[in-house]
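# Topology and contacts: notes
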Amino acid sequence: QVQLVESGGGLVQAGGSLRLSCAASGRFFSINAMGWYRQVPGKQRELVAMAGRGGDTNYADSVKGRFTISRDNAKSTVYLQMNSLKPEDTAVYYCSAQVRYLVSGTQDYWGQGTQVTVSS
């Protein structure tokens, strides 16, 4: 079983910054993609940013130029630096990871979510 533990959410004023972290623990061979999604009540969960194991990244158009995703493969950790935050960034942010096992293939995992609230 793999656990994803998130930290770094909170309340910030518009224009401010937050840094989210997500660390994976458990027994696995490696982690393919790691990333962040977000969800507001009544809406579908949406991709914010994703980072491949080799360093390739993908961002939602709404956060390009403001958010930066990075990962430390040695620590099985992914980060999301969020700058120039806007009230519309308010959501629960979820970490995701596609974990690879040596024999049984891959499996997707989710963190418990961390609240980010941006006040105007």
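Check the entry above for the structure.
Report follows, based on the coordinates.

Procedures and definitions
- Every residue gets a number counted from 1 within its own chain, in the order that chain's sequence is written.
- It should be noted that, the model being predicted, local features are given only for residues of pLDDT at least 70 and side-chain atom pairs only at 80 or more, the latter also being counted only at that level, while totals for whole chains, interfaces and linings use all residues.
- With hydrogens and water excluded, all non-hydrogen atoms of the structure serve as input to the side-chain values.
- Disulfides are defined in this document as cysteine sulfur pairs within 2.5 Å.
- We count a stretch as a helix when DSSP gives it H or I for four or more residues in a row; a strand needs E for two or more, and each element gets its number in order from the N terminus.
- Think of it in three bands: with a 1.4 Å probe and only protein chains considered, a residue is buried below 20% of the maximum accessible area for its type, exposed above 50%, and partly exposed in between.
- If DSSP finds at least two bridges between two strands, the strands pair.
- Two N or O atoms form a polar contact when they lie within 3.5 Å of each other; inside protein one atom must be a possible hydrogen donor and the other a possible acceptor, and for residues adjacent in sequence the pair counts only when both atoms belong to side chains.

Going through the model one piece at a time under the given rule, you end up with one disulfide. Cysteine 22 shares a disulfide with cysteine 95; S-S distance 2.1 Å. Judged by the torsion about the S-S bond (-80°), the cysteine 22/cysteine 95 disulfide is left-handed. A residue pair is termed long-range when its members are at least 10 positions apart, and cysteine 22 in strand S3 (residues 18-26) and cysteine 95 in strand S9 (residues 91-101) qualify at 73 residues. Residue cysteine 95 is classed as buried on the basis of its relative accessible area of 0%.

Another aspect to go through is the pairing of strand S7 (residues 67-72). Along S7, the buried face is formed by Phe67, Ile69 and Arg71; none of Thr68, Ser70 and Asp72, which line the opposite face, is buried. Bridge count between S7 and strand S8 (residues 77-82): six bridges; the pairing is antiparallel. Residue arginine 71 lies in a different strand from S8, and its bridge partner there is valine 78. In this structure, the hairpin formed by S7 and S8 is closed by a connection of four residues, where serine 76 is found at a positive phi of approximately 50°.

The next point concerns the environment of threonine 90. As for its position among the elements, threonine 90 is in the loop between S8 and S9. At a separation of 2.9 Å, a polar atom in the side chain of threonine 90 contacts the main-chain carbonyl oxygen of proline 87. Of the polar contacts made by the side chain of threonine 90, one reaches the backbone nitrogen of valine 118; its length is 2.9 Å.

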